[in-house]
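Observations on the three-dimensional arrangement
Okay, here's what each chain looks like letter by letter:
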Amino acid sequence: MSSDKKVYKETLNLPQTSFPMEAKLVMNEPVRLKKWQDMGLYQRLLESRRNAPKFILHDGPPFANGDIHMGHLTNKTLKDVILRYKSLAGFSTPYVPGWDCHGLPIEHKIQQDLGKAFREMGAIEVRRKCYEYAEKYSDIQSQQFQRLGILGDWSNPYLTMKPEYEANTLEVFARVVENGLVYKQLKTVPWSIANQTALADAELEYQDVEDQTVFVEFPVANPGAFKARFDLRLNARVSLMIWTTTPWTLPANLAIAVHPQIDYAFVKYLKNEHWYITVVAADLVEKVFTKSPGLQPSVVRTVKGEELGGIDYQHPFVDRIGKVVMADYVTTTDGTGLVHTAPGHGEEDYETGIRHGLEIYCPVLPNGRFDSTTPNWLTGQSVWDGNKLVVEKLRELGVLFAEEKYVHSYPHDWRSKTPIIFRATEQWFVALDKPIGGMTLRERALQTVKEQCRFIPDWGRARISGMLESRPDWCISRQRSWGLPIPVFYNEKNQPLLTPESVRAVAKVFRESGSDAWYTHTPARLLEGYDPGPDFPKDKLRKEKDIFDVWFESGSSWMGVLKAREPQLHFPADLYLEGSDQHRGWFQLSLLPALAAVGQPPFKNVLTHGFIVGPDGKKISKSDKNYVTAVQEVNRHGADLLRLFVCQLDFEGDMAASPKMIQEFGDKYRKLRNTLRYLLSNLYDYDGSTFDVPADSLDGWMLFELDQLVQETTEAYESYTLHKAFRALHDFCAVQISSIYGNAMKDRLYCDPPGSLLRRRCQYVMHKTLIILTKLLSPMIVFTADEVWEHIPHKPEGEKDLPSVHLTSLPRGMNAPKSEAWSLLFELREEVLLQLDRLKKEQGVNKALDAEVIYPGKFKSRLAGFGVDLEDIVGCGYHSFDDSLDRVTVVDRRQVYRSCARSWKRRPDVGQDPQYPDLSARDVQAVRSRT
RNA sequence: GGGCUCGUAGCUCAGUUGGUUAGAGCGCGUCCCUGAUAAGGACGAGGUCACAAGUUCGAAUCUUGUCGGGCCCA
């Protein structure tokens with residue numbers, strides 16, 4: 001018996017394949033990568049789409065600093081999947097990756113590395129070090145991105161520090177200058193003392209700090225007139241009470257701001273046997289006086305803020321008269337409702353100062369120390385020490401009403417992590433509210449975003465619009481070395497030379513020699529071929545020291561890349577795809593230069609994704625045990641797994657990830673791989689024959705399901721909902737193939753004569769399934785899909801000789817016909833499976849092959865056409881119809897029929913052939929056909 | 001504090017214009033198979049749809065608020 005069993009087993013058509021179950025991605029992916037490089041896959045792909053319409057996804061440049069992290073991995077993976085899909089769909093998809101190379105973080109890093117030596121070094125030397133650093137990390141990141149299977153022009157990426165790119169950035173600048181939007185002005189800006197530079201909004205980080213805040217009484221300058229005006233008959237000192245979290249800014253106080261509509265109370269109180277009257281917002285009297293208990297305050301009068309306008313007060317420790325001004329931003333949330341205003345030390349204060357014609361007074365030097373215009377007890381002191389000194393002085397003068405510790409969020413320099421100050425400095429700006437061609441840049445940007453760009457998700461429009469509405473003029477200057485110099489010259493009268501032509505003259509030099517030329521060349525040399533006129537004698541010119549905000553450089557990439565590389569690329573790009581933080585960053589700061597320079601948006605579509613967070617949905621830091629180290633995870637699990645992991649996440653919101661989640665996600669990858677492998681393993685002897693498949697069959701059902709899959713997956717890819725594409729594909733493998741079709745087909749695949757119609761037809765369907773699945777999965781699991789492709793026999797005409805699945809085209813629907821009987825069939829299947837389960841539990845029928853499924857006769861006309869499918873779909877050994885039955889019924893046949901020793905199906909036709917008494921009729925035929 | 005945004009089973013996601021006992025896959029548990037075998041199959045247990053009010057005959061779905069998360073600002 002046991003020997004017979006073995007003999008019969010050898011007559012089966014069991015699955016065979018050299019496609020390994022174990023992926024060994026970590027080991028195999030680099031080999032395949034090498035293969036792609038050797039065959040020039042990227043170039044071949046472009047070549048093969050030579051005449052196709054282009055789809056240009058313009059890469060936002062990551063900063064050339066450090067290893068790639070999950071944010072990079074996610075972003076680049078999404079880009080690659082979308083581009084590969086578009087390519088599959090027939091588009092030409094050139095992709096030029098880039099890096100943001102200039103900027104503070106690198107200079108900061110070099111500064112740290114060099115320590116003291118940094119200060120003694122010239123700009124050229126520092127810049128050389130920075131260049132090397134940026135080059136090193138763009139190379140490292142390039143390797144890491146390529147390891148992920150990101151396809152692109154890696155041999156020719158764009159680097160913002162390259163001479164041609166710099167020249168192109170200057171060309172953008174020249175056009176902005178041409179449109180009259182560039183100006184220089186004293187402005188109060190965030191200032192980093194540590195780095196001695198102005199900072200962009202994007203360079204600020206908010207951290208909670210505890211500050212010593214003070215309530216200070218500023219005596220009115222003319223108490224007699226004041227009392228008379230407000231009818232106060234009391235021998236008391238009269239003052240205005242302000243509150244500040246930054247006492248060190250008090251030396252620069254020039255005004256006190258009140259809200260015109262807020263009620264202000266004149267509060268009388270007695271302290272040390274003297275009467276005082278002080279002005280505080282009515283709503284805050286109680287709160288303020290709890291800071292200095294026991295004074296028994298009483299309100300003697302209440303007036304609107306507007307009545308206080310123009311009142312003069314005496315600065316407590318500087319010989320200066322200040323005045324009360326109106327401002328809308330004054331609130332009664334904190335403080336006193338009277339806002340200390342130092343136009344040189346705060347952005348709102350600055351606005352107020354401009355409006356009221358105040359001096360933009362800033363007595364603080366770049367190093368954070370008070371200058372000589374301050375009282376001598378402050379001169380030379382740092383502002384942080386100034387806090388204490390000022391408070392002491394106030395106490396000494398008897399104007400310090402109260403002190404209070406206060407925790408609030410305060411801006412810090414994002415690199416040095418030190419608190420910033422606000423300081424008035426000379427800066428270059430791009431004007432947002434100056435009309436060009438009848439419309440300001442701000443208006444044009446808002447209109448463009450509304451009418452010419454699509455945002456995915458749609459709320460991106462509202463987000464960027466809100467930012468455009470409220471943002472101030474763009475400060476484009478920085479006081480550093482590592483960046484693109486702002487090409488301005490000054491004559492001896494300190495007048496700036498800045499014309500489109502002067503900028504272009506410098507650009508020409510940069511294009512040849514790089515921006516180091518700014519430091520090595522004379523003005524005359526830099527301006528060669530340009531005549532600035534008699535006011536600007538070339539030999540008397542001085543060069544600007546400031547460099548550009550790096551955002552101006554990366555924001556000019558549409559010029560430096562898209563336009564510069566036409567016709568391979570085109571402007572505007574079809575798609576920009578970055579994290580949602582770039583609404584304020586790259587999206588906005590690419591839009592503004594593009595509109596300012598050429599009047600067109602750089603993108604048609606803007607797609608954003610959320611951020612990687614921890615498994616608890618919270619922001620995650622490197623020190624967290626759940627932190628995912630991208631490079632490490634790729635080396636542990638392989639790029640395909642990480643790619644697939646990214647694809648399954650709905651990237652509209654935040655995306656949770658942890659090493660454990662990635663590890664567990666391996667199950668999903670293995671499901672796909674095993675399914676593909678199963679299909680492959682049953683095609684080893686497929687002869688390539690094709691069939692007209694009837695709808696009334698599982699084969700027909702499968703083809704229809706495939707059509708659905710193609711449609712669903714394509715729609716998901718088209719709408720960039722990759723997680724829906726993934727789910728459709730995964731569930732198809734798990735349900736349609738693994739659980740239903742593949743399971744049902746085992747009997748005929750293994751036991752039928754190799755060339756039987758049903759077996760071949762099944763192979764035909766499986767073959768189609770495999771090709772479609774492999775193609776649809778190929779944008780996601782680029783390595784695995786290619787590996788599968790290599791194993792597929794009888795590839796379609798036209799794709800036979802393609803060396804990679806990535807050179808093929810999207811599968812098309814087959815318009816497979818639908819059968820009305822399917823829903824009935826699957827309804828019955830559910831019922832049968834439940835009955836089989838009961839039979840197993842109650843009667844020990846462990847194998848469905850030992851049972852017979854009996855369908856009610858009333859279904860015969862609808863189901864009979866399915867033939868043997870009717871037993872295979874539930875794994876039974878036999879099926880029949882019975883007119884007397886009302887419901888489908890499963891019956892234990894262990895005592896009734898004999899089991900076929902070959903197919904294990906228990907059925908009445910076993911033993912009919914004397915030569916093979918232990919086989920069913922079909923198996924007899926199969927065995928005979930072999931000899 | 002402000003703008004935008006997210007919150008459905010352990011996990012990743014579906015839930016169309018508000019309408020029957022809220023679904024899927026995975027994971028988990030139990031069992032089966034041992035001819036997809038470091039695979040495969042069946043069954044089952046898991047959710048007060050963040051919370052609270054409101055609109056409605058009826059809300060995961062609409063409104064408001066609260067709580068919690070994220071990004072960007074202040």
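Refer to the preceding data block for the structure.
About the thresholds
Here the residue index of a chain counts from 1 through its sequence in written order. Chains and ligands are labelled sequentially in the order written, the chains with letters from A and the ligands with numbers from 1. Reporting in this predicted model follows two pLDDT cut-offs: at least 70 for local features of residues, and 80 or more for side-chain atom pairs to be given and counted; totals over whole chains, interfaces and linings ignore these cut-offs and use all residues. With hydrogens and water stripped out, all remaining heavy atoms of the structure feed into the side-chain values. The criterion for strand pairing is that DSSP finds at least two bridges linking the strands in question. Secondary structure follows DSSP: runs of H or I at least 4 residues long count as helices, runs of E at least 2 residues long count as strands, and numbering of each begins at the N terminus. Contacts were defined at the residue level, with two residues in contact if any of their heavy atoms lie within 4.5 Å. To get an axis, fit a line to the C-alpha atoms, keeping to the stretch in contact for a helix; angles then go from 0 to 180 degrees between the N-to-C directions. One speaks of a salt bridge when a side-chain nitrogen belonging to Lys or Arg is within 4 Å of a carboxyl oxygen belonging to Asp or Glu. Think of it in three bands: with a 1.4 Å probe and only protein chains considered, a residue is buried below 20% of the maximum accessible area for its type, exposed above 50%, and partly exposed in between. Here a residue is near a molecule or strand as soon as one of its heavy atoms is found within 4 Å of it. The definition of a polar contact used here is a pair of N or O atoms within 3.5 Å, where within protein one atom must be able to donate a hydrogen and the other to accept one, and adjacent residues in sequence count solely through side-chain atom pairs. Note on terminology: a nonpolar core comprises buried Ala, Val, Leu, Ile, Met, Phe, Trp, Tyr and Cys residues joined through side-chain atoms within 4.5 Å.

1. Some points on the sheet that holds strand 27 (residues 603-609)
Taken together, the four strands give an open sheet; going across it, the order is 1-26-27-19, and neighbouring strands pair in parallel fashion. One side of each edge strand has no neighbouring strand; the edge strands of this open sheet are strand 1 (57-58) and strand 19 (454-456). As paired strands, strand 26 (residues 573-579) and strand 27 are joined by six bridges and run parallel to one another. Note on strand 27: the bridge partner recorded for Leu 575 is Asn 605. Across the sheet, helix 20 (residues 586-598) lies against strand 1, strand 26 and strand 27, angled at about 145° from strand 26, the strand it touches most.

2. With respect to the pattern of salt bridges
Under the counting rule described, the total for this entry stands at 61 salt bridges. Between Asp 685 and Arg 760 there is a salt bridge, with the nearest N and O atoms lying 3.7 Å from each other. Pair noted here: Asp 685 is in the loop between helix 23 (659-681) and helix 24 (698-718) and Arg 760 is in helix 26 (residues 757-777), with a separation of 75 residues, a long-range link. With a shortest N-O distance of 2.7 Å, Arg 902 and Asp 923 are connected by a salt bridge. Here the residue Arg 902 occupies a position in the loop between strand 33 (898-899) and strand 34 (906-907), and Asp 923 occupies one in helix 31 (residues 921-929), the gap between them amounting to 21 residues. Comparing Arg 902 with Asp 923 shows no difference in burial state: the two are buried. Each of Asp 747, Arg 748, Asp 752, Asp 869, Glu 871, Asp 872, Arg 902, Lys 905, Arg 907, Asp 909, Arg 922 and Asp 923 takes part in salt bridges that share partners, so that together they form one network.

3. Description of the protein's contact with RNA strand B
Near RNA strand B you find 55 residues, and of these Arg 463, Gly 617, Asp 650, Arg 677 and His 730 are the closest. Of what RNA strand B places within 4 Å of the protein, 78% of the atoms are sugar or phosphate. The contact in question runs from a base oxygen of RNA strand B to an N or O atom on the side chain of Arg 463, over 2.5 Å. Elements with a minimum of two residues in the surface near RNA strand B: helix 14 (459-470), helix 23, helix 25 (722-751) and helix 28 (821-843).

4. Side note on the nonpolar core
In terms of nonpolar packing, the biggest core is built from 144 residues, with Tyr 741, Met 766, Leu 773 and Leu 863 touching the most fellow members. Ranked by the residues each element gives to this core, the list is headed by helix 25, at 15 residues. Excluding residues that lie within four positions of it along the chain, Met 766 makes contacts with Tyr 678, Leu 679, Asn 682, Leu 683, Tyr 741, Gly 742, Met 745 and Leu 749. Membership of the second largest hydrophobic core comes to 73 residues, among which are Ala 236, Leu 338, Phe 370 and Leu 400.

5. Quick word on unusual backbone geometry
Cis geometry marks the peptide bond from Ile 456 to Pro 457; its omega dihedral reads -5°. Looking at the secondary structure, you find Pro 457 in the loop between strand 19 and helix 14. Even without being glycine, Glu 273 reaches a positive phi, approximately 65°. Relative to the elements of secondary structure, Glu 273 occurs in the loop between strand 9 (263-271) and strand 10 (274-281). Since its relative accessible area comes to 75%, Glu 273 is described here as exposed.

6. Examining the sheet that holds strand 31 (residues 878-882)
The sheet built from three strands is open, its strands ordered 31-30-32 with mixed pairing. Both outer strands of the open sheet, strand 31 and strand 32 (889-892), are each paired with one neighbouring strand and no more. Pairwise comparison of adjacent strand axes, ignoring direction, gives a mean angle of 30° for this sheet. Alignment of strand 30 (residues 851-856) against strand 32, held across four bridges, turns out to be antiparallel. Counted as the bridge partner of Ala 851 is Asp 892 from strand 32. Running over the sheet, helix 28 touches strand 30 and strand 32 and is turned about 30° from strand 32.

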